[in-house]
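# Descriptive structure summary
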Amino acid sequence: EEQEEDVLRELRLFLRNITERLSLDRRFKAFTKPVDIEEVPDYLMVIKKPMDLSTLLTNIDEHKYVTVSEFMADADLIWKNTLEYNPDSDPMDRNIRHRACALKDTVRAIIRDELDEDFERVCEEIRESR
Ligand SMILES: Cc1noc(C)c1-c1cc(NS(=O)(=O)c2ccccc2)cc(C(=O)O)c1
């Protein structure tokens, strides 16, 4: 009902704010757009579910997320895919993995500092009721 839509609107504002702040951070430029399949032709043979910050934003606007946990599952794909596709010890792989781990830590720190657990609990109740 109306109150539920107000909660989900506030969730989308919260998730959009996080995603836009990450997209502005220069360390995370490589994560702002889908990996370019022309530049990385075998990417989709290795990574079954690509994810990036612009796709997160589209998903938010398409009301894909009803809880922060659902958003986190997709946000985690960004760094997990990066570690999977770039496992080697060479400097390039190490560098993109370091940036991916910084993204992981930054998302977790924002959620820890800025998400009210009571708010997430209300979102989970809405998810279970649907
Ligand atoms: C993410 C990701 N996961 O695997 C890789 C590899 C990356 C990744 C993706 C991008 N952006 S891109 O797919 O458009 C591109 C790849 C190769 C040459 C030019 C552009 C940049 C970088 C980077 O290190 O800067 C790394």
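One can find the structure itself at the top, above this paragraph.
Residues numbered from 1 in each chain as written. Predicted model: local features only at pLDDT ≥ 70, side-chain atom pairs only at ≥ 80, totals over all residues. Heavy atoms only, no water.

## Some points on the site of the ligand
What counts here: If a single non-hydrogen atom of a residue is within 4 Å of a molecule or strand, that residue counts as near it. Each polar contact in these results corresponds to two N or O atoms within 3.5 Å; when the atoms are within protein, one needs to be able to donate a hydrogen and the other to accept it, and residues that are neighboring in sequence are counted only if both atoms are side-chain atoms. Classification convention: Asp, Glu, Lys, Arg as charged; Ala, Val, Leu, Ile, Met, Phe, Trp, Tyr, Cys, Pro as nonpolar; all other residues, Gly among them, as polar.
Neighbouring residues of the ligand: A30, F31, V35, D36, E39, V40, Y43, Y85, N86, I96 and R99. Taking N86, its side chain carries an N or O atom lying 3.1 Å from an oxygen atom of the ligand. With respect to the ligand, the side chain of R99 contributes an N or O atom lying 3.0 Å from an oxygen atom. In the shell around the ligand, the residues fall into 7 nonpolar, 1 polar and 3 charged.

## Examining the environment of L22
Definition in use: A helix here means a DSSP run of H or I that spans at least four residues, while a strand means a run of E at least two residues long, and both kinds are numbered starting from the N terminus. Throughout, exposure labels follow a simple rule: accessible area from a 1.4 Å probe, protein chains only, divided by the maximum for the residue type, with under 20% read as buried, over 50% as exposed, and the rest as partly exposed. It only takes one pair of heavy atoms within 4.5 Å for two residues to be counted as in contact.
Along the chain, L22 turns up in helix 1 (residues 2–24). For L22, a relative accessible area of 3% translates into the label buried. In this structure, the C-alpha to C-alpha distance between L22 and T32, residues 10 residues apart in sequence, is 8.5 Å. The residues contacting L22, other than those within four sequence positions of it, are F28, L53, L103, T106 and V107.

## Topic: the nonpolar core
Just so we agree on the cut-off: Put simply, buried Ala, Val, Leu, Ile, Met, Phe, Trp, Tyr and Cys residues joined by side-chain atoms within 4.5 Å make one nonpolar core.
Formed by 33 residues in total, the largest nonpolar core has its most connected members in L15, F31, L56, V68 and I111. Look past the residues within four positions of L15 in its chain and what remains in contact with it is I60, Y65, V68 and F71.

## Topic: the side chain of T19
Relative to the helices and strands, T19 resides in helix 1. A distance of 2.8 Å separates a polar side-chain atom of T19 from the backbone oxygen of L15.

## Details of a nonpolar patch on the surface
What counts here: Patch building starts from residues that exceed 30% relative accessible area and form no salt bridge, then joins like charges within 9 Å and nonpolar side chains (Val, Leu, Ile, Met, Phe, Trp, Tyr) within 5 Å. Residue-level accessible areas treat just the shown protein chains as cover; the underlying method is Shrake-Rupley with a 1.4 Å probe. Only one rule defines a salt bridge in this text: a Lys or Arg side-chain nitrogen within 4 Å of an Asp or Glu carboxyl oxygen.
A cluster of nonpolar residues, V35, I37 and L44, forms a patch on the protein surface that exposes about 220 Å² of accessible area. Following the sequence through the fold, V35 ends up in the loop between helix 1 and helix 2 (43–46).

## Quick word on helix 6 (residues 117–129)
Operational definition: Helix span, expected: 1.5 Å multiplied by one less than the number of residues in the helix. Taken from the helix axis, the directions to the C-beta atoms give the arc we talk about.
Between its first and last C-alpha, helix 6 extends 18 Å over 13 residues, near the 18 Å set by a 1.5 Å rise per residue. Within the span of helix 6, buried status applies to F119, E120, C123 and I126. Buried residues along helix 6 cover an arc of 115 degrees about the axis, so they all sit on one side. Looking at helix 6, the residues exposed on the side facing more than 90 degrees away from the buried face are E117, E128 and S129. Those residues of helix 6 that are buried are in contact with helix 1 and helix 4 (68–85). The backbone nitrogen of D118 has a side-chain oxygen 2.6 Å away, supplied by the residue at the start of helix 6, namely D116.

## So, the pattern of salt bridges
In the structure shown here, the tally under the stated rule is 13 salt bridges. The salt bridge partner of R108 is D76, with a shortest N-O separation of 3.1 Å. Of this pair, R108 sits in helix 5 (residues 91–114) while D76 sits in helix 4, and the two are 32 residues apart along the sequence. A residue is classified by how much of its surface remains accessible, and R108, at 34% relative accessible area, is partly exposed.

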